[in-house]
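# Remarks on the overall topology
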Amino acid sequence: MNRRQFLNYSGRCAAVAAWPALALNAMEREHTIPIASVEFIPDVELELVARPTQHQILTGRATDTWSYSGRLVKGRAGALQPSGSYLGPTIRVRNGDKMRVHFRNELPEPSIVHWHGLEVPELADGHPRLAIPQGQTYVYEFEVRNRAGQYWYHPHPMARTGAQVYQGMAGLFFVEDDEDSSLGLPSGEHEIPIVLQDRSFDGNSQLVYIAGHMDAMTGFLGERILVNGSTRNDLALASAAYRLRVLNGSNSRIYKLAWSDKTPITLIGTDGGLLDRSASKPYVTLAPAERADLILDLSQRPLGSALELQSLAFSGVQSGMGMMGGGMMGRGMGSRRNALDQGDEFTVLRVRVSKRETSRFSLPARLSQPGFHRVEEAGNRPSPRVFPISFGQMQWLLNNETFHMTEVADNEIVKSGSLEVWEFRNTGSGMMQMAHPMHLHGGQFQVLERLPAAGFESGRRTVSMGFTDEGWKDVVLVWPGERVRLLMKFGPFKGLFLYHCHNLEHEDLGLMRNFRLV
Ligand code: C2O
Ligand code: CU
């Protein structure tokens, strides 16, 4: 926060402006809400409103949902596009754009917006302590510092992230830059966003979510797969090349995406934008919040031919569960929501070539300069920070603790601007172990290495060829038994940021911690 902004905020902050440290503490407690600052001139200015809505998802009754709706106040016409479903409008901006977003909360409970994957200042990051009550407006001001990529936005209130996202609160946020735009990749109607979510409905077409703590312990799995907020999963395409921009927007479901005819998956980008060159994989493993930028070239396929995008079977997400396995939480209970279990196989999309188009597309050999950092330059390379993920007393723990709103442990204080190695250790108690998609706020990281553990190979082998560790990431799936090392260059900002499991039920149960940039 620069001085001017600080004065702005402190203006609403009783009469404590003379003593900055006190003022900040007071604000943390009172949730003083940022307003527009005078000297910030936005390139793109939006209004985003969260409110209860209804959407026709199934045939029959409309479904009660919660949605973001948007209005472009200032900026390019394409900066905000309605999603056509309960999903929030798609935001499309350029690297370097200055953004102001007026977020108004009309939900009957507190909420706040997190710009997932973006490197933004503390007060623009959507920390739960900044959540605003119904009727209030929170003004975000930040510059888009990220490279081109597929990011997204979703709520981040205390213990209610999973529930709010599940009700429909999420939207895409694309960043463009010259490097990406100069490649001639498929665009316009040849660029297709694909948001994957699973939901369960009752007999009245209403959403059904977890029933309680036990339910939440493993994470929620819906039995219907929605693509872009719809149960319609067929795409009529032309004989041309397509860029598919896939987001796993599910609360806890992991996808193992593959083409039904064994065509390899052509991966060109990950969470934080383009790879240096494309990668060919038998399948892509996509954990909650992860993104995959795919090329599907249909130019050689005959008119009328069809292809499916499937999620293939995998196993081992939950291990060593003792009494939990199969019994209390497994299928044994016959609960409805497990009709489509984690690791079950299903069809995601049906693609049909229904229009002839003569287009020539060849993927450039070189896609981008990712600008990766060198591990040799990490200040703490000899002794990386280690963050264990564990389970004890019916609770998930991170760094041996649960989440407390503003608590930061000694090993969670990080120098702003530093380059560091972090290690997540999913080697905790044998009582209950699960794969955890770990997410850091504050930017993108590189996955340095994975150190798998004996005893978990058979499950791990069912997904490991689909890991997308070669690109910039903000989420990494940490398999049971695994130790995963990351290289993260922290932003120039200061303040409180989060790292947590992006299984949203785990996050809400406290598998989340703060780190403080100083
Ligand atoms: Cu997408 Cu802290 O989350
Ligand atoms: Cu988790």
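The structure contained in this document is the topic of the report that follows. Since this is a predicted model, take the numbers as computed values, not measurements.

Read from one edge of the open sheet, six strands run 11-10-13-18-15-16, paired in mixed fashion. Edge strands, defined here as strands with exactly one partner in the open sheet, are strand 11 (224-227) and strand 16 (273-281). Adjacent strand axes in the sheet meet at a mean angle of 30 degrees, parallel and antiparallel pairs treated alike. The pairing of strand 15 (residues 265-270) with strand 18 (residues 291-297) spans three bridges and is classified as antiparallel. Bridge assignment links Thr 266 to a residue of strand 18, and that residue is Ile 295.

Moving on to empty space enclosed by the protein. Inspection of the entire model under this criterion finds three cavities of 30 Å³ or more. Taken together, Ala 148, Gly 149, Gln 150, Asp 180, Arg 243, Arg 245, Thr 270, Gly 273, Leu 274, Arg 291, Ala 292 and Asp 293 make up the lining of the largest cavity. Contributing elements (two or more residues each) for the lining of the largest cavity: strand 8 (149-155), strand 13 (241-248), strand 16 and strand 18. The biggest single contributor to the lining of the largest cavity is strand 18, with three residues. Partitioned by chemical class, the residues of the lining of the largest cavity number three nonpolar, four polar and five charged.

Here we come to the pairing of strand 23 (residues 395-398). Looking along a regular strand, one sees the side chains alternate between the two faces of the sheet. Note: strand 22 (residues 385-392) against strand 23, four bridges, orientation antiparallel. If you follow Ile 389 over to strand 23, its bridge partner there is Leu 398.

Let's shift gears to the coordination of the copper ion (ligand 2). The coordination sphere of the copper ion (ligand 2) contains the protein donors His 436 (ND1), Cys 501 (SG) and His 506 (ND1), at a distance range of 2.0 to 2.1 Å. For the copper ion (ligand 2), the single-chain donor residues occur in sequence as H-x64-C-x4-H.

Along strand 15, five of the six residues are buried, which leaves the element largely enclosed by surrounding structure. Relative to strand 16, strand 15 runs antiparallel, the two being bridged by five bridges. Paired with Thr 270 across the bridge in strand 16 is Gly 273.

Okay, the nonpolar core next. The biggest cluster of nonpolar side chains holds 38 residues, and the ones touching the most others in it are Trp 422, Phe 424 and Leu 440. Counting residues in each nonpolar core, the second largest holds 33 residues, with Leu 46, Val 101, Trp 115 and Ala 124 among its members.

Before going further, it helps to spend a moment on the sheet that holds strand 31 (residues 495-501). Pairing in this open sheet of five strands is mixed, and the strands run 24-32-31-27-29 from one edge to the other. With one partner strand each, in any of the chains shown, strand 24 (413-414) and strand 29 (475-478) form the two edges of the open sheet. Where strand 31 lies against strand 32 (residues 512-517), six bridges are found, and the strand directions are antiparallel. Looking at strand 32, one finds that Tyr 499 is bridged to Arg 513.

Counting through the fold element by element, Thr 231 comes out in the loop between strand 11 and strand 12 (234-238). In sequence terms Thr 231 and Val 348 are 117 residues apart; their C-alpha atoms lie 9.9 Å from each other. Apart from the residues within four sequence positions on either side, Thr 231 is in contact with Ile 57, Leu 58, Arg 224, Ile 225 and Leu 226.

Scanning the model with the defined rule gives 23 aromatic pairs in all. Ring geometry for Trp 115 versus Tyr 140: centroids 5.3 Å apart, planes at 90 degrees, classification edge-to-face. Linking Trp 115 in strand 6 (residues 113-116) with Tyr 140 in strand 7 (residues 137-143), this pair joins segments that are 25 residues apart in sequence. Each member of the pair, Trp 115 together with Tyr 140, is buried. The rings of Tyr 68, Phe 103, Trp 115, Tyr 138, Tyr 140, Phe 142, Tyr 153 and Phe 173 are connected pair by pair, giving a single aromatic cluster. The ring of Tyr 283 carries Lys 256 above its face, with NZ or CZ at 4.4 Å from the centroid. The residue whose ring lies beneath Arg 450 is Phe 467, and the NZ or CZ to ring-centre distance is 3.7 Å.

With that settled, the discussion passes to the pattern of salt bridges. If you walk through the whole model with that rule in mind, you get 40 salt bridges. A salt bridge links Arg 92 to Glu 191; its shortest N-O distance comes to 3.5 Å. Pair noted here: Arg 92 is in strand 4 (residues 90-94) and Glu 191 is in strand 10 (residues 191-199), with a separation of 99 residues, a long-range link. Comparing Arg 92 with Glu 191 shows no difference in burial state: the two are buried. We note a salt bridge from Glu 141 to Arg 100, for which the minimum N-O separation is 2.8 Å. Of this pair, Glu 141 sits in strand 7 while Arg 100 sits in strand 5 (residues 98-105), and the two are 41 residues apart along the sequence.

A few words on the layout of surface pockets. Where empty space is left can be seen by rolling a probe of water-molecule size over the atoms. The volume enclosed by the second largest pocket comes to roughly 500 Å³. Forming the boundary of the second largest pocket are 28 residues, of which Ser 83, Ile 192, Pro 193, Ile 194 and Asn 228 lie nearest the centre. Only strand 4, strand 9 (171-176), strand 10 and strand 12 provide two or more residues apiece to the lining of the second largest pocket. No other element matches strand 10, which puts five residues into the lining of the second largest pocket.

What counts as what
- Residues numbered from 1 in each chain as written.
- Chains lettered and ligands numbered in written order.
- Predicted model: local features only at pLDDT ≥ 70, side-chain atom pairs only at ≥ 80, totals over all residues.
- Heavy atoms only, no water.
- Pairing = 2+ DSSP bridges.
- Helix = DSSP H or I, 4+ residues; strand = E, 2+ residues; numbered from the N terminus.
- Axes fitted to C-alpha atoms, helices over the stretch in contact; angles between N-to-C directions.
- 1 Å grid on protein atoms, 1.4 Å probe; cavity = no way out; pocket = protein on both sides within 12 Å on 5 of 7 lines; lining within 4 Å.
- Points joined across faces, edges and corners; volume = space filled by probe spheres on them.
- Nonpolar A, V, L, I, M, F, W, Y, C, P; charged D, E, K, R; others polar.
- Donors = N, O, S within 2.8 Å, 3.2 Å for Na, K, Ca; no water.
- Buried < 20%, exposed > 50% of the residue type's maximum accessible area, 1.4 Å probe, protein only.
- Core = buried A, V, L, I, M, F, W, Y, C linked by side-chain atoms within 4.5 Å.
- Contact = heavy atoms within 4.5 Å.
- Phe/Tyr/Trp six-rings, centres within 6.5 Å; stacked < 30°, edge-to-face > 60°.
- Lys NZ or Arg CZ within 6 Å of the ring centre and 35° of its normal.
- Salt bridge = Lys/Arg side-chain N within 4 Å of Asp/Glu carboxyl O.

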